[in-house]
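Close look at the chain arrangement
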Amino acid sequence: MVYLRKEKEGHLQTLLRPFITSKPNVQYRNELVTATDGGQISLDWFDNDNSIQYPDSSTRPTVLLLPGLTGTSKESYILHMIQQSKTLGYRCVVFNYRGIAGENLLVRIALK
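Summarised in this report is the structure supplied together with it.

Reading the values: the criteria
Residues numbered from 1 in each chain as written. Predicted model: local features only at pLDDT ≥ 70, side-chain atom pairs only at ≥ 80, totals over all residues. Heavy atoms only, no water. Helix = DSSP H or I, 4+ residues; strand = E, 2+ residues; numbered from the N terminus. Buried < 20%, exposed > 50% of the residue type's maximum accessible area, 1.4 Å probe, protein only. Contact = heavy atoms within 4.5 Å. Pairing = 2+ DSSP bridges. Axes fitted to C-alpha atoms, helices over the stretch in contact; angles between N-to-C directions. Salt bridge = Lys/Arg side-chain N within 4 Å of Asp/Glu carboxyl O. Core = buried A, V, L, I, M, F, W, Y, C linked by side-chain atoms within 4.5 Å.

The secondary structure content of the protein chain amounts to two helices and four strands. Secondary structure elements of the protein chain occur, N-terminal to C-terminal, as α-β-β-β-α-β. The buried share of the protein chain, taken over its 112 residues, is 30%. The contacts of the protein chain with a sequence gap of at least 6 include a subset with a gap of at least 24, amounting to 66%.

Our next topic: the sheet that holds strand E3 (residues 62–65). Read across the sheet, four strands follow the order E1-E2-E4-E3 without closing on themselves; strand pairing throughout is mixed. Unpaired on one side and paired on the other, strand E1 (29–34) and E3 mark the two borders of the sheet. Averaged over all neighbouring strand pairs, the angle between strand axes comes to 25°, with direction disregarded.

With that settled, the discussion passes to the pattern of salt bridges. A complete count under the given rule lists two salt bridges for this structure. For Arg29, the salt bridge is made with Asp47, and the minimal N-O distance between the two is 2.9 Å. In this pair, Arg29 sits in strand E1 while Asp47 sits in the loop between strand E2 (40–46) and E3, placing the two residues 18 residues apart along the sequence. Overall, Arg29 belongs to the partly exposed group, its relative accessible area being 39%.

This next bit is on the nonpolar core. Counting eight residues, the largest nonpolar core consists of Val26, Phe46, Leu65, Ile78, Leu79, Ile82, Cys92 and Val94. Every element with two or more residues in this core is listed here: helix H2 (76–88) and strand E4 (91–96). Broken down by element, this core gets its largest block of residues, three residues, from H2.

Here's what the structure looks like:
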């Protein structure tokens, strides 16, 4: 068995994480919202139309997911949270910050 010194273990986990982390398949519906300053915000919706617990979409709880500053709706931890919410019958929306997730940054201010 190979033991790593504690200082190197964190670096190794950071390097290996993208290769060993599973990414569940999630289909999104994208909504682009135009802000008052002309900027654009991308919302990725997982509607969970097959929810058994909440078949009426008007009563289905919605979970707002905010990725890390440079994260998007494609991050493995976001996808896993959506899968967990799916089993509970919830719908999810992922707030993608301006200029991230393939969208152009249309104004000089990224966060407001």
